[in-house]
Amino acid sequence: MSDTPLLKVKDISKFYGSRIGCRDVSFDLWPGEVLAIVGESGSGKTTLLNCISTRLLPTTGSVEYHMRDETYRELFRMNEAERRFLMRTDWGFVHQNPADGLRMTVSAGANVGERLMAIGNRHYGNIRATAVDWLERVEIDADRIDDQPRAFSGGMRQRLQIARNLVTGPRLVFMDEPTGGLDVSVQARLLDLVRGLVNDLGLSAIIVTHDLAVARLLSHRMMVMKDGYVIEHGLTDRVLDDPREPYTQLLVSSILQV
Amino acid sequence: MTDLATYNFAYLDEQTKRMIRRAILKAIAIPGYQVPFASREMPMPYGWGTGGVQLTAAIIGPDDVLKVIDQGADDTTNAVSIRAFFQKVANVAVTTRTEEATIIQTRHRIPETKLGPNQVLVYQVPIPEPLRYLEPRETETRKMHALEEYGLMHVKLYEDIARNGRIATTYAYPVKVAGRYVMDPSPTPKFDNPKMHLSDALQLFGAGREKRIYAVPPYTDVVSLDFEDHPFEVQRFDKPCALCGAEQVYLDEVILDDKGGRMFVCSDTDFCEDRRAHGHVGPMLAPNGLAPNGLAPNQEAAE
């Protein structure tokens with residue numbers, strides 16, 4: 001790991017009128033690190049993720065990103081063109097519902113190739129070869145390349161969404177409940193795949209989940225949120241094995257043991 | 001001019017023309033950019049060319065000579081009605097001959113005869129937004145135009161090749177104007193796309209229902225989008241025009257009977273008639289001995 005953080009989040013707060021979305025969240029994310037944000041629903045996890053990924057404008061605070069040219073840029077001071085370019089090249093965003101992140105009416109190949117075409121790739125053969133390669137990496141048969149995502153199962157859609165995001169070689173991926181709505185065996189396969197990809201590509205990731213097992217498997221560090229505040233923050237194993245806050249203890253002890 | 005007492009010249013009032021002219025000037029200044037304008041109710045239904053009619057009404061003067069075509073033909077309903085409309089409300093000279101016209105209002109074709117610098121081509125546009133079917137949100141497509149995010153346009157072409165093995169889009173084929181804006185050239189066949197490139201004539205596009213005006217100034221780059229390994233190509237026809245024998249022109253298929261009989265003729269009727277008047281004869285006329293105007297088929301051997 002290098003000695004400069006990839007992302008510096010300072011005092012992010014988001015208010016919905018007088019209601020709190022999230023409050024005074026600060027952390028650094030390091031290159032190659034996977035951070036999990038856990039908490040019950042309504043605790044502000046997704047609000048925080050949307051603020052960091054510039055999908056929402058936070059009420060206060062700043063997010064600085066370490067660009068490829070080794071400078072830090074404040075995301076909310078960039079212009080929209082730069083921000084959108086960053087989002088579709090150096091970042092990825094995996095939605096909970098694949099239909100939000102995919103174009104359901106175009107083929108799997110075009111879904112994977114869209115980002116390539118957006119950054120100026122104009123060779124059909126190369127785009128298609130890259131799409132085949134990525135479909136294989138996410139364990140989708142290459143002969144499904146011309147099928148529309150609506151013909152795919154939930155797990156396949158989610159893997160396609162991941163492939164679509166990773167095709168430009170991003171350095172930071174945001175995931176919002178990536179395993180939500182999948183059955184347990186498909187979840188396990190997806191987690192295995194994501195873990196492999198994150199390791200191989202040296203990705204940094206911020207994963208929002210309510211599932212502590214997902215956090216345990218994927219993340220190095222985790223933050224526990226409640227009512228918009230980060231109440232506990234530490235290495236995943238430490239937080240799960242030795243929770244300090246009463247709420248975290250409750251959360252950890254409420255995992256079903258089968 | 002007493003007959004015109006109930007109308008202002010060219011139907012629209014002067015303030016409306018002024019508003020449209022301002023939109024036209026802006027459109028010319030930013031080639032390919034869709035300029036919103038306050039489209040008026042016209043005495044014809046949407047889809048009949050209300051955008052084109054408003055453009056023509058805003059730019060036409062008493063000395064102009066107007067030609068109106070619909071799918072290349074001067075004698076179809078849409079063309080005849082619009083031509084009659086301007087004869088009535090502006091009392092201008094009309095023509096079917098491309099060379100004589102100063103303003104040509106068109107639906108879905110560009111004339112085969114090369115246009116000159118003193119001519120204006122006015123297109124009737126049903127859907128001005130090339131990204132519409134890929135991204136239904138207007139707010140989003142405007143942002144994409146503003147930020148020059150046109151990757152989605154190639155997604156459409158990619159899908160074409162993935163499904164059909166080649167780019168199967170044959171009309172409303174997207175073009176990039178002056179290296180900046182992606183534009184829908186209205187539903188002209190892609191055969192006509194190369195004619196837009198570095199054209200001598202000013203090209204104006206009006207969408208009445210969608211309330212948009214855009215333009216391609218003379219001598220502007222108009223490049224059809226494509227892939228490096230699937231370059232842009234225009235349609236080809238196996239046979240020449242059945243009536244005038246023209247090749248390298250856009251042909252319409254005409255069904256002759258219910259036994260599979262068909263003929264292919266020039267879609268540009270003026271071009272076809274002009275050629276026949278000059279003695280060119282196509283395969284369907286040749287066996288009958290005499291071509292129109294009394295020229296025998298062998299007399300056109302000069303070609």
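Keep in mind the model is a prediction, meaning the values are calculated, not measured. (Residues numbered from 1 in each chain as written. Chains lettered and ligands numbered in written order. Predicted model: local features only at pLDDT ≥ 70, side-chain atom pairs only at ≥ 80, totals over all residues. Heavy atoms only, no water.)

1. Details of the pairing of strand β2 (residues 19–29) of chain A
Residue and element names in this part refer to chain A.
Turning to step 1, where the next piece is worked out: Pairing between strand β1 (residues 7–16) and β2: seven bridges, direction antiparallel. When the bridges of β2 are listed, Lys14 appears paired with Cys22.
Turning to step 2, where the next piece is worked out: Counting the residues between successive antiparallel strands, the hairpin from β1 to β2 contains two residues, one of them, Gly17, with a positive phi of roughly 65 degrees. (Pairing = 2+ DSSP bridges. Helix = DSSP H or I, 4+ residues; strand = E, 2+ residues; numbered from the N terminus.)

2. Considerations on the environment of Glu149(B)
Turning to step 1, where the next piece is worked out: Within the fold, Glu149(B) resides in the loop between α4 (138–146) and α5 (151–164).
Turning to step 2, where the next piece is worked out: Taking the C-alpha atoms as reference points, Glu149(B) and Tyr181(B), 32 residues apart in sequence, are found 9.8 Å from one another.
Turning to step 3, where the next piece is worked out: Setting aside residues no more than four positions away along its own chain, Glu149(B) makes contact with Arg84(A), Arg88(A) and Met144(B).
Turning to step 4, where the next piece is worked out: At a separation of 2.8 Å, a polar atom in the side chain of Glu149(B) contacts the side chain of Arg84(A). (Contact = heavy atoms within 4.5 Å. Polar contact = N/O pair within 3.5 Å; in protein donor to acceptor, adjacent residues only side chain to side chain.)

3. Observations concerning the pairing of strand β4 (residues 103–107) of chain B
Residues and elements named next belong to chain B.
Turning to step 1, where the next piece is worked out: The element β4 is extensively covered by neighbouring structure, given that four of its five residues are classed as buried.
Turning to step 2, where the next piece is worked out: Both β4 and strand β5 (residues 120–124) contribute to a ladder of four bridges, which runs parallel. Across the sheet, residue Ile104 finds its bridge partner in β5, namely Leu121. (Buried < 20%, exposed > 50% of the residue type's maximum accessible area, 1.4 Å probe, protein only.)

4. Some details on the sheet that holds β5(B)
All names here are of chain B.
Turning to step 1, where the next piece is worked out: Spatially, β1-β9-β8-β5-β4-β2-β3 is the arrangement adopted by the seven strands of the open sheet, whose pairing is mixed. The sheet is open, and its two edges are formed by β1 (35–36) and β3 (93–94), each paired on a single side.
Turning to step 2, where the next piece is worked out: The sheet strands contacting helix α3 (residues 77–90) are β2 (65–70), β3, β4 and β5, and the helix crosses β2 at an angle near 160 degrees. (Axes fitted to C-alpha atoms, helices over the stretch in contact; angles between N-to-C directions.)

5. A few points about the packing of helix α4 (residues 108–118) of chain A against helix α5 (residues 124–137) of chain A
Residue and element names in this part refer to chain A.
Turning to step 1, where the next piece is worked out: One way to put it is that α4 packs onto α5 with a least axis distance of 9 Å and a crossing angle of 120 degrees. When the interaxial angle is binned, α4 and α5 end up oblique. The element α4 and its partner α5 pack so that their crossing is right-handed. Side by side, α4 and α5 meet where Gly109, Val112, Gly113, Leu116 and Met117 of the first sit next to Ile127, Thr130, Ala131, Trp134 and Leu135 of the second.
Turning to step 2, where the next piece is worked out: Of the residues assigned to the contact of α4 with α5, the class counts are seven nonpolar, three polar and no charged. (Parallel < 35°, antiparallel > 145°, perpendicular 65-115°, else oblique. Left-handed = near helix turned anticlockwise from the far one by under 90°. Nonpolar A, V, L, I, M, F, W, Y, C, P; charged D, E, K, R; others polar.)

6. So, the sheet that holds strand β7 (residues 172–176) of chain A
Residue and element names in this part refer to chain A.
Turning to step 1, where the next piece is worked out: In space, the six strands of this open sheet follow the order β6-β7-β8-β3-β9-β10, with mixed pairing throughout. A single partner strand is all that each edge strand has here, and the edge strands are β6 (91–94) and β10 (229–235). Averaged over all pairs of adjacent strands, the angle between strand axes in this sheet comes to 15 degrees, irrespective of strand direction.
Turning to step 2, where the next piece is worked out: Two elements, strand β9 (residues 221–226) and β10, share six bridges in a ladder whose sense is antiparallel. Counted as the bridge partner of Met223 is His233 from β10.
Turning to step 3, where the next piece is worked out: Against the sheet, helix α1 (residues 45–52) touches β3 (34–39), β6, β7, β8 (204–209) and β9, its axis set at about 150 degrees to β8.

7. A closer look at the layout of surface pockets
Turning to step 1, where the next piece is worked out: Here the largest pocket is characterised by a volume of approximately 1,100 Å³.
Turning to step 2, where the next piece is worked out: In terms of lining, the largest pocket is formed by 32 residues, of which the most central are Arg84(A), Met87(A), Arg103(A), Arg164(A) and Glu140(B).
Turning to step 3, where the next piece is worked out: Elements that contribute at least two residues to the lining of the largest pocket include exactly α2 (80–89), β6, α3 (98–101), α4 and α6 (154–166) of chain A together with α4 and α5 of chain B.
Turning to step 4, where the next piece is worked out: Looking at the lining of the largest pocket, the element that brings in the most residues is α2(A), giving five residues.
Turning to step 5, where the next piece is worked out: The space that makes up the second largest pocket amounts to roughly 640 Å³.
Turning to step 6, where the next piece is worked out: As for the second largest pocket, its lining consists of 26 residues, of which Pro130(B), Tyr133(B), Leu134(B), Met153(B) and Lys156(B) are closest to the centre. (1 Å grid on protein atoms, 1.4 Å probe; cavity = no way out; pocket = protein on both sides within 12 Å on 5 of 7 lines; lining within 4 Å. Points joined across faces, edges and corners; volume = space filled by probe spheres on them.)

8. Here we look at the nonpolar core
Turning to step 1, where the next piece is worked out: Ranked by internal contacts, the top residues of the largest apolar core, which has 56 residues, are Val112(A), Leu160(A), Tyr158(B) and Phe227(B).
Turning to step 2, where the next piece is worked out: Per element, the largest residue contribution to this core is seven residues, and it comes from α5(B).
Turning to step 3, where the next piece is worked out: In contact with Leu160(A), other than residues within four places in its own chain, are Leu102(A), Ala108(A), Val112(A), Leu135(A), Ile140(A), Pro149(A) and Phe152(A).
Turning to step 4, where the next piece is worked out: Residues Met42(B), Leu55(B), Leu202(B) and Ala215(B) belong to the second largest nonpolar core, which totals 32 residues. (Core = buried A, V, L, I, M, F, W, Y, C linked by side-chain atoms within 4.5 Å.)

9. Section: the packing of α4(A) against α6(A)
Working note: a packed helix pair is described by the angle between its axes plus the distance between those axes.
All names here are of chain A.
Turning to step 1, where the next piece is worked out: Orientation of α4 relative to α6, taken along the N-to-C sense of each, is 30 degrees, at an axis distance of 7 Å. With respect to α6, the element α4 is oriented roughly parallel. On the side of α4, the interface is formed by Ala108, Asn111, Val112, Glu114 and Arg115, while α6 contributes Leu160, Ala163, Arg164 and Asn165.
Turning to step 2, where the next piece is worked out: Residues of the contact of α4 with α6, tallied by class, amount to four nonpolar, two polar and three charged.

10. Digging into the side chain of Gln161(A)
All names here are of chain A.
Turning to step 1, where the next piece is worked out: Residue placement: Gln161 occurs in helix α6.
Turning to step 2, where the next piece is worked out: A polar atom in the side chain of Gln161 sits 2.7 Å from the backbone nitrogen of His95.
Turning to step 3, where the next piece is worked out: Those residues in contact with Gln161 that sit more than four places away from it in its chain are Phe93, Val94, His95, Pro98, Gly101 and Leu102.

11. As for the packing of aromatic side chains
The relation between two aromatic rings is expressed through the spacing of the ring centres and the mutual angle of the planes.
Turning to step 1, where the next piece is worked out: Applying the stated rule across the entire model yields 14 aromatic pairs over all chains.
Turning to step 2, where the next piece is worked out: Ring centres of Trp91(A) and Phe174(A) lie 5.1 Å apart, and the angle between their planes is 70 degrees; on these two criteria the pair is classed as edge-to-face. Placement of the pair is Trp91(A) in strand β6 and Phe174(A) in strand β7, with a sequence separation of 83 residues.
Turning to step 3, where the next piece is worked out: Owing to a relative accessible area of 2%, Trp91(A) belongs among the buried residues under this scheme.
Turning to step 4, where the next piece is worked out: Note on Phe191(B) and Tyr250(B): the rings are 5.6 Å apart at their centroids and 50 degrees apart in plane angle, and the pair reads as tilted. Here the residue Phe191(B) occupies a position in the loop between β7 (181–183) and α6 (193–196), and Tyr250(B) occupies one in the loop between β10 (222–224) and β11 (251–255), the gap between them amounting to 59 residues.
Turning to step 5, where the next piece is worked out: Tyr250(B) gets classed as buried once you look at its relative accessible area, which sits at 18%.
Turning to step 6, where the next piece is worked out: Above the ring of Tyr72(A), the side-chain terminus of Lys8(A) is found at 4.1 Å from the ring centroid.
Turning to step 7, where the next piece is worked out: Cation over ring: Arg180(B) sits above Tyr181(B), and NZ or CZ is 4.2 Å from the ring centre. (Phe/Tyr/Trp six-rings, centres within 6.5 Å; stacked < 30°, edge-to-face > 60°. Lys NZ or Arg CZ within 6 Å of the ring centre and 35° of its normal.)

12. Let's talk about unusual backbone geometry
Outside of glycine, negative phi angles account for most residues, and trans bonds account for most peptide bonds.
Residue and element names in this part refer to chain B.
Turning to step 1, where the next piece is worked out: In this model, Ala10 sits at a positive phi of 60 degrees, which is unusual for a non-glycine residue.
Turning to step 2, where the next piece is worked out: If you trace the backbone, Ala10 turns up in the segment before α1 (14–29).
Turning to step 3, where the next piece is worked out: A relative accessible area of 0% means that Ala10 is categorised as buried.
Turning to step 4, where the next piece is worked out: One non-glycine residue, Leu198, lies in positive phi territory at about 50 degrees.

13. As for the confidence of the model for chain B
Residue and element names in this part refer to chain B.
Turning to step 1, where the next piece is worked out: With 92% of its residues at a pLDDT of 70 or more, chain B has an overall mean of 90.
Turning to step 2, where the next piece is worked out: Long-range and interchain partners of residues 289–303, a stretch whose pLDDT sits below 50, account for 19 contacts in this model, where long-range means more than four residues apart.
Turning to step 3, where the next piece is worked out: For this predicted complex, the interface confidence comes out at an ipTM of 0.86, alongside a pTM of 0.85. (pLDDT = per-residue confidence, 0-100.)

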